[in-house]
Amino acid sequence: MQTFLKIHPDDKVAVALKPLSAGDVLTVDGKEITLLEDIPQGHKFALCSLAANEPVIKYGSPIGFTKEEVRPGAWIHTHNLKTGLGDLLTYQYHPQISPLPIGEERYFQGYRRPDGKVGVRNELWIIPTVGCVNNIASAVERRSQIYKTGSIEAIAAFPHPYGCSQMGDDQEHTRQILADLIRHPNAGGVLVLGLGCENSNIDELKKYLGDYDENRVKFLVCQESEDEIADALSLMEELSQYAGGFHREPISCSELVIGMKCGGSDGLSGITANPTVGYFSDLLVSRGGTTILTEVPEMFGAETLLMNRCENEELFNKTVALINDFKNYFTSHNQTIYENPSPGNKKGGISTLEDKSMGCTQKSGSAPVKGVLSYGEPVQAKGLNLLSAPGNDLVASTALAASGAHIVLFTTGRGTPFASPVPTVKISSNTPLSKHKKNWIDFNCGSMTDGKSLSELGEELFDYVIAVASGKMVKSEEAGFHDMAIFKQGVTL
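Residues numbered from 1 in each chain as written. Predicted model: local features only at pLDDT ≥ 70, side-chain atom pairs only at ≥ 80, totals over all residues. Heavy atoms only, no water.

Here's the deal with the sheet that holds strand 13 (residues 154–157)
Taken together, 4 strands build an open sheet; the order of strands is 13-12-14-15 and the sheet is parallel. Lying at the two open borders of the sheet, with one neighbouring strand each, are strand 13 and strand 15 (217–221). Neighbouring strand axes in the sheet, compared pairwise and without regard to direction, differ in orientation by 15 degrees on average. Those strands touched by helix 2 (residues 168–183) are strand 12 (123–128), strand 14 (187–194) and strand 15, and its axis lies near 160 degrees from that of strand 12. (Pairing = 2+ DSSP bridges. Helix = DSSP H or I, 4+ residues; strand = E, 2+ residues; numbered from the N terminus. Axes fitted to C-alpha atoms, helices over the stretch in contact; angles between N-to-C directions. Contact = heavy atoms within 4.5 Å.)

Digging into the side chain of T412
By secondary structure assignment, the location of T412 is in strand 21 (residues 407–412). Judged by its relative accessible area of 1%, T412 falls in the buried class. A distance of 3.2 Å separates the side chain of T412 from the backbone nitrogen of R414, its partner in a polar contact. In this view, T412 contacts G263, G264, S269, I427, S428, S429, L433 and I441; residues no more than four positions away in its chain are not counted. (Buried < 20%, exposed > 50% of the residue type's maximum accessible area, 1.4 Å probe, protein only. Polar contact = N/O pair within 3.5 Å; in protein donor to acceptor, adjacent residues only side chain to side chain.)

Description of the nonpolar core
The biggest cluster of nonpolar side chains holds 89 residues, and the ones touching the most others in it are I407, L409 and I427. Considering each element in turn, this core owes the most residues, 8 residues, to helix 12 (residues 454–469). Leave out the neighbours within four places in its chain, and I427 touches A273, V277, L409, F410, T411, T412, F443, C445 and L461. Grouped together as the second largest cluster of nonpolar side chains are 24 residues, I126, A157, A232 and L235 included. (Core = buried A, V, L, I, M, F, W, Y, C linked by side-chain atoms within 4.5 Å.)

Re the sheet that holds strand 1 (residues 4–5)
Taken in spatial order, the 4 strands of this open sheet run 1-2-5-8, and their pairing is antiparallel. Of all the strands in the sheet, the pair left with one neighbour each is strand 1 and strand 8 (75–76). In this sheet, strand 2 (residues 13–16) lies alongside strand 1 in antiparallel orientation, the contact comprising 2 bridges. Residue L5 lies in a different strand from strand 2, and its bridge partner there is V15.

Section: the packing of helix 5 (residues 273–286) against helix 12
Axis separation between helix 5 and helix 12 bottoms out at 8 Å; the angle between their running directions is 65 degrees. Once helix 5 is placed against helix 12, the crossing between them reads as right-handed. Two secondary-structure elements touch here, helix 5 through P275, T276, V277, Y279, F280, L283 and L284 and helix 12 through L454, S455, L457, G458, E459, L461, F462 and V465. Partitioning the contact of helix 5 with helix 12 into residue classes produces 11 nonpolar, 3 polar and 1 charged. (Left-handed = near helix turned anticlockwise from the far one by under 90°. Nonpolar A, V, L, I, M, F, W, Y, C, P; charged D, E, K, R; others polar.)

Observations regarding the environment of A419
By the element assignment, A419 lies in the loop between strand 21 and strand 22 (424–428). Residue classification places A419 among the buried residues on the basis of a relative accessible area of 3%. Separated by 236 residues in the primary sequence, A419 and R183 place their C-alpha atoms 19 Å from one another. Non-local contacts of A419, meaning those with residues more than four positions away in its chain, are made with T424, S476, F481, H482 and D483.

Some remarks on helix 10 (residues 393–402)
Counting buried positions along helix 10 gives 8 out of 10 residues, so the element sits mostly inside the fold. Residues of helix 10 that are buried include every one of V395, A396, S397, T398, A399, L400, A401 and A402, and no others. Summarising the contacts, the buried residues of helix 10 are in contact with helix 2, strand 17 (257–262), strand 18 (290–293), strand 20 (383–387) and strand 21. N-cap assignment for helix 10: the residue whose side-chain oxygen lies 3.2 Å from the backbone N of L394 is N392. Once helix 10 ends, the next one or two residues include G404, with phi positive near 120 degrees.

Details of unusual backbone geometry
Unusually for a residue other than glycine, D29 sits at a positive phi of about 55 degrees. Looking at D29, the relative accessible area reads 59%, which means it is exposed. The backbone phi angle of Y59 is positive, close to 60 degrees, even though this residue is not glycine. Inspection of the secondary structure assignment puts Y59 in the loop between strand 6 (55–58) and strand 7 (61–66).

What about the packing of aromatic side chains?
By convention here, two paired aromatic rings are described through the distance between centres and the angle between planes. Applying the stated criterion to the full structure yields 15 aromatic pairs. Residues Y212 and F219 carry aromatic rings whose centres are separated by 5.3 Å and whose planes lie at 75 degrees to one another, so their mutual orientation is edge-to-face. Residue classification places Y212 among the partly exposed positions, given a relative accessible area of 30%. Measuring from ring centre to ring centre gives 6.0 Å for F443 and Y464, while their planes differ by 55 degrees; the resulting arrangement is tilted. Separated by 21 residues along the polypeptide, F443 in strand 23 (residues 443–444) and Y464 in helix 12 bring together distant segments of the chain. Each member of the pair F443 and Y464 is classed as buried. A network of ring pairs unites the aromatic residues F300, F326, Y329, F330, Y375 and F487 as a single cluster. When the ring centre of F246 is taken as reference, the NZ or CZ atom of R113 above it lies at 4.6 Å. The ring centre of F418 lies 4.7 Å from the NZ or CZ of K426, which sits over that ring. (Phe/Tyr/Trp six-rings, centres within 6.5 Å; stacked < 30°, edge-to-face > 60°. Lys NZ or Arg CZ within 6 Å of the ring centre and 35° of its normal.)

Digging into the packing of helix 2 against helix 3 (residues 202–209)
One can describe the packing of helix 2 onto helix 3 by two numbers: an axis separation of 9 Å at closest approach and a directional angle of 70 degrees. By the angle between their axes, helix 2 is roughly perpendicular relative to helix 3. For helix 2 against helix 3, the interelement crossing comes out right-handed. Judged by residue contacts, E172, R175, Q176, L178, A179, I182 and R183 of helix 2 engage E204, L205, Y208 and L209 from helix 3. (Parallel < 35°, antiparallel > 145°, perpendicular 65-115°, else oblique.)

This is how it looks when you write it as structure tokens:
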């Protein structure tokens, strides 16, 4: 079994693939290195002498600077490594675009909607316009389970605390995200539940919806109903009769939209799970499909890799704005832009934001960037897209669903049980996690450290996603979880 990995020929560190002990003698590039201290799994150790303030190279790029002199075999982490990130930067476009070869056609069993859109689930959704009716929405969800008949696979409510007492972008974002979810093709029928006096009331929300199928979308204003739960159940029965008539049929994977996100990353995430998702992304894009990468703060330090893969200068400029707008968001709240790694990240071996970002962007594969989306904007361009959203797991995953993702691939080194509005596949970076949390983890990439190749895992993940798109339930679905969260930035009245 391989015990460590030097990721790139230019790297000055290697990563422990299992816990290593002080005194272990390792051979790297033909030279022997004696470890000076214990190295936890996923953590880094020096391959050469490093002076104070010298760049530390991992993934072939700097991930920070040494705080002090470091000897070969020493553990490199937050105690002796600091970020090299600063504030806003000036970027130059240096195109490095490599078109992917066309892949063979693949099909999944999905639902074709009357408007031509495609869903991978046939569910009934209850979407409140405002937090005041959350409990009613949850009560209707519970009592509507009798209508889970025919091809209907789940009935779920999506409570949230917004829809009123909001201003500016916050109010716009709430309306846009709710409208996106109402239009989402994974829902065969939707009940929109309003209060009546809220800012984002049903009449206001309809302006964001545009044309809609009156058989598929029903509305109820609770203040106008004598018994809102009884009336809601009546509407749910109508939606059930309509949506229950849909059936799965073969659909080209070129119509799949897959979101990509990571959370609770560890030192193996950028070596196993994230590259596997990147390999999957290239496989789907080569077949005409679409992937969406988000969590902008976790691009800081690796953003030029994405910028130079933009198909044209217009997309490059949009990506520059994507990065700098988020940096300005941080500084406008008097926050530093580089304090992103969480305690769990650090415990797992990630030392700086550059370290985290270089691993995070592995999920993008090698495809050219074809689209750059603002928060809540539906995806239009096929291929790899970048989406503006924060790193928060629930907020970012909801944003991916709102932009049109049928499924979210979520890589993790620590594990998490959360769900999103769409099937959320939990992909572990290490085998111990997959064994310890079998009720959370859907797919294990830790086998790469035991010798399984990236191409093998990438192909297996592609097959797994096709199975999920065709109806295979993920662990959070089996648990009955459906979550959503909206990005809040401004004032609450």
